[in-house]
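These are the residues of each chain, in order.
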Amino acid sequence: GAVVSQHPSWVICKSGTSVKIECRSLDFQATTMFWYRQFPKQSLMLMATSNEGSKATYEQGVEKDKFLINHASLTLSTLTVTSAHPEDSSFYICSASSWVPGGIQYFGAGTRLSVL
Amino acid sequence: RKEVEQDPGPFNVPEGATVAFNCTYSNSASQSFFWYRQDCRKEPKLLMSVYSSGNEDGRFTAQLNRASQYISLLIRDSKLSDSATYLCVVNKLEQAGTALIFGKGTTLSVSS
């Protein structure tokens, strides 16, 4: 099946630093990638939708200047958490889909971010 | 009304039991429906898509009722390895390939 690679899987950083998370589709071209966030005991919440070569579409309440998304190629999207603070500590997961019937998405393994 | 609602459980069942999970969704225009499974501190993994006619995959049966905006998942002959959180998922817009809306999940614990 399709594989989506997400890196790093776990990061600890100091408050005020920026963290970049990469999401790669390994065996298919991902026209669209999605970034989700999951707090403990909560559901996955969509943060933004990223289409290759265009600006990301952010969900209401998600600061686009804080969560920078770049989708420069059909196999790579990055999420940069700028000036991270402890409240940004969460589980960040990307997913990717190509245009196939049924809309199946393939998820990365997630990145656990802890901001001290 | 929440976009996707599930009973959080937990459902505690013995091995071999049959268990059913239910889910309702609010967007009548949704076209794609799924059940995902998520293990603790892991990413969600697709369990099965849900079709209007109902579909079965081994011990798992999914049903969709568009009129009631209701989705179900039935697990027969539960195994210890079925212990996980089961997420009811619908697509955000009426198009395939769009973002997904996740329910909070229903926790299943299967014991010996």
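No experiment lies behind these values; they were computed from the predicted model shown.

A. Region of the structure containing the overall build of chain B. Scanning chain B for helices and strands turns up zero helices and eleven strands. From first element to last, N terminus to C terminus, chain B shows the α and β order β-β-β-β-β-β-β-β-β-β-β. Since a compact globule built from 112 residues should have a radius of gyration of about 13 Å, the 13 Å found for chain B is in line with a globular shape. When its C-alpha atoms are laid out on the principal axes, chain B stretches across 40 × 30 × 25 Å. Restricting the contact set of chain B to residue pairs at least 6 apart, pairs at least 24 apart contribute 56%. Approximately 5300 Å² of chain B is accessible, and the part contributed by carbon and sulfur atoms is 47%.

B. Summary view of the pairing of strand β3 (residues 19-25) of chain B. Residue and element names in this part refer to chain B. Of the two faces of β3, the one holding V19, F21, C23 and Y25 is buried and the one holding A20, N22 and T24 is not buried anywhere. Two strands pair when backbone bridges link them, and strand β1 (residues 4-6) and β3 are joined in this way by three bridges, in the antiparallel orientation. The partner of Q6 across the bridge, within β3, is C23. Bridge analysis of β3 against strand β8 (residues 70-75) gives six bridges, and the strand direction is antiparallel. Within β8, the position partnered with F21 by the bridge is L73.

C. Quick look at the sheet that holds strand β7 (residues 67-73) of chain A. All names here are of chain A. Read across the open sheet, the four strands follow the order β1-β3-β8-β7; overall the sheet is antiparallel. Because the sheet does not close on itself, it has two edges, and the strands there are β1 (4-7) and β7. Each neighbouring strand pair of the sheet contributes to a mean axis angle of 15°, computed without reference to strand direction. Here strand β3 (residues 19-25) runs beside strand β8 (residues 76-81); their pairing, made up of six bridges, is antiparallel.

D. Representation of the layout of surface pockets within the structure. Each pocket or cavity is described by its volume, and for the largest pocket that value is around 660 Å³. Every residue lining the largest pocket is counted, 23 residues in all, and those nearest its centre are Q38(A), P40(A), K41(A), Q42(A) and T85(B). Mapped onto the lining of the largest pocket, the elements with two or more residues apiece are β9 (90-97) of chain A together with β9 (84-91) of chain B. At three residues, β9(B) tops the list of elements feeding residues into the lining of the largest pocket. Residues of the lining of the largest pocket, tallied by class, amount to seven nonpolar, ten polar and six charged. Considering only enclosed or pocket space, the second largest pocket measures out at about 440 Å³ in volume. For the second largest pocket, the lining is made up of 22 residues, of which S43(A), L44(A), M45(A), E3(B) and F102(B) are closest to its centre. Secondary structure elements with two or more residues in the lining of the second largest pocket: β5 (45-51) of chain A together with β1 and β10 (100-102) of chain B.

E. Layout of the side chain of T80(A). With respect to the helices and strands, the residue T80(A) is situated in strand β8. Those residues within four positions of T80(A) in sequence are excluded, and the remaining contacts are S18(A), V19(A), K20(A), K66(A), F67(A) and L68(A).

F. Examining the interface of chain B and chain A more closely. Contacts between the two partners involve 20 residues from chain B and, on the opposite side, 22 residues from chain A. Together chain B and chain A conceal approximately 1700 Å² of surface at their shared face, both sides included; 58% is due to carbon and sulfur atoms. Run the count over chain B and chain A and you get zero salt bridges. For the pair chain B and chain A, the interface holds three residue pairs in polar contact (both at pLDDT 80 or more). Only β4 (33-38), β5 (45-50) and β10 of chain B provide two or more residues apiece to the side of chain B that touches chain A. Ranked by residues supplied to the side of chain B that touches chain A, first place goes to β4(B) with three residues.

Parameters and conventions
Residues numbered from 1 in each chain as written. Chains lettered and ligands numbered in written order. Predicted model: local features only at pLDDT ≥ 70, side-chain atom pairs only at ≥ 80, totals over all residues. Heavy atoms only, no water. Helix = DSSP H or I, 4+ residues; strand = E, 2+ residues; numbered from the N terminus. Rg over C-alpha atoms; globule rule 2.2 N^0.38 Å. Contact = heavy atoms within 4.5 Å. Areas by Shrake-Rupley, 256 points an atom, 1.4 Å probe, with all protein chains shown as cover. Buried < 20%, exposed > 50% of the residue type's maximum accessible area, 1.4 Å probe, protein only. Pairing = 2+ DSSP bridges. Axes fitted to C-alpha atoms, helices over the stretch in contact; angles between N-to-C directions. 1 Å grid on protein atoms, 1.4 Å probe; cavity = no way out; pocket = protein on both sides within 12 Å on 5 of 7 lines; lining within 4 Å. Points joined across faces, edges and corners; volume = space filled by probe spheres on them. Nonpolar A, V, L, I, M, F, W, Y, C, P; charged D, E, K, R; others polar. Buried area = accessible area lost by both parts, 1.4 Å probe. Salt bridge = Lys/Arg side-chain N within 4 Å of Asp/Glu carboxyl O. Polar contact = N/O pair within 3.5 Å; in protein donor to acceptor, adjacent residues only side chain to side chain.

Any functional reading would require information beyond the geometric quantities listed.
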